[in-house]
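Below, each chain spelled out in residue letters.
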Amino acid sequence: MVDVREIYGLKQNGKFLNAELAKTEGLYGEELTIKDVELREINGKQKLVLRFFETEHMLVLNRTNAIILAENFGEDTDNWMGRQLKLKQVKRVFQGKLVDAIEVDPVTQVEIDFTAAAEEENRKKKKAKG
């Protein structure tokens, strides 16, 4: 029998993100910057694990999230460092039950450039007023 708490880090002193912890920490919708990607053995299986600059918690990638990131950032995980993503709360079927889960939503360079441009415009407006 597989223990969901063990897979998703509830037994890991809060090191690994899960849907509940991401909600509690207010991480859904926030831009997170990938600090590091490492390969770890978790429950006898090789998994990619992301570390972020913005939180001490790590995200163990399931197959779906790994494919989403590979399609957007490239297959070489060395190229993922410094890239940004957002976490989305979704429902997934796990062992026949519908459960809350995390899905990654890569932030494209266009989104980053637009955000930076909008922030610069706001700074100019504030400077002009004051």
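Presented here is an overview of the structure given in this document. (Residues numbered from 1 in each chain as written. Predicted model: local features only at pLDDT ≥ 70, side-chain atom pairs only at ≥ 80, totals over all residues. Heavy atoms only, no water.)

### Quick word on the sheet that holds strand 2 (residues 45-52)
Next up, step 1: Here 5 strands make up an open sheet; going across it, the order is 3-2-1-4-5 and the pairing antiparallel. Of all the strands in the sheet, the pair left with one neighbour each is strand 3 (59-60) and strand 5 (97-106).
Next up, step 2: As paired elements, strand 2 and strand 3 share 2 bridges and run antiparallel to each other. The residue of strand 3 that forms the bridge with Val49 is Val60.
Next up, step 3: Strand contacts of helix 3 (residues 63-73): strand 1 (31-42), strand 2, strand 4 (84-94) and strand 5, with the helix running at about 15° to strand 5, the strand carrying the most contacts. (Pairing = 2+ DSSP bridges. Helix = DSSP H or I, 4+ residues; strand = E, 2+ residues; numbered from the N terminus. Contact = heavy atoms within 4.5 Å. Axes fitted to C-alpha atoms, helices over the stretch in contact; angles between N-to-C directions.)

### A closer look at the side chain of Glu38
Next up, step 1: Tracing the backbone through its elements, the reader meets Glu38 in strand 1.
Next up, step 2: Among the polar contacts listed, one links the side chain of Glu38 to the side chain of Arg51, at a separation of 3.2 Å.
Next up, step 3: The contact partners of Glu38, leaving out residues within four places of it in the chain, are Lys47, Leu48, Val49 and Arg51. (Polar contact = N/O pair within 3.5 Å; in protein donor to acceptor, adjacent residues only side chain to side chain.)

### Some details on the pattern of salt bridges
Next up, step 1: By the definition in use, this model includes 5 salt bridges.
Next up, step 2: Between Arg51 and Glu38 there is a salt bridge, with the nearest N and O atoms lying 3.2 Å from each other. Here Arg51, found in strand 2, pairs with Glu38, found in strand 1; they are 13 residues apart in sequence, far enough to count as distant.
Next up, step 3: Linking Glu103 and Arg92 is a salt bridge whose minimum nitrogen-to-oxygen distance equals 2.1 Å. Within this pair, whereas Glu103 is found in strand 5, its partner Arg92 is found in strand 4, the two being separated by 11 residues in sequence.
Next up, step 4: Beyond isolated ion pairs, a larger network of salt bridges with shared partners links Glu38, Arg40 and Arg51. (Salt bridge = Lys/Arg side-chain N within 4 Å of Asp/Glu carboxyl O.)

### What to know about the pairing of strand 5
Next up, step 1: Bridge analysis of strand 4 against strand 5 gives 10 bridges, and the strand direction is antiparallel. Each bridged residue has a counterpart across the sheet, and for Gln89 the counterpart in strand 5 is Ile102.
Next up, step 2: Counted along the chain from strand 4 to the antiparallel partner strand 5, the turn is 2 residues long, and its residue Gln95 has a positive phi close to 50°.

### Describing unusual backbone geometry
Next up, step 1: For Asn43, which is not glycine, the phi torsion reads 55° and is therefore positive.
Next up, step 2: Assignment of secondary structure puts Asn43 in the loop between strand 1 and strand 2.
Next up, step 3: For Asn43, a relative accessible area of 42% puts it in the partly exposed group.
Next up, step 4: Backbone geometry at Gln95 places phi at a positive 50°, although glycine is not the residue there.
Next up, step 5: Judged by relative accessible area, which is 54%, Gln95 ranks as exposed. (Buried < 20%, exposed > 50% of the residue type's maximum accessible area, 1.4 Å probe, protein only.)

Read these as spatial facts, not as claims about activity.
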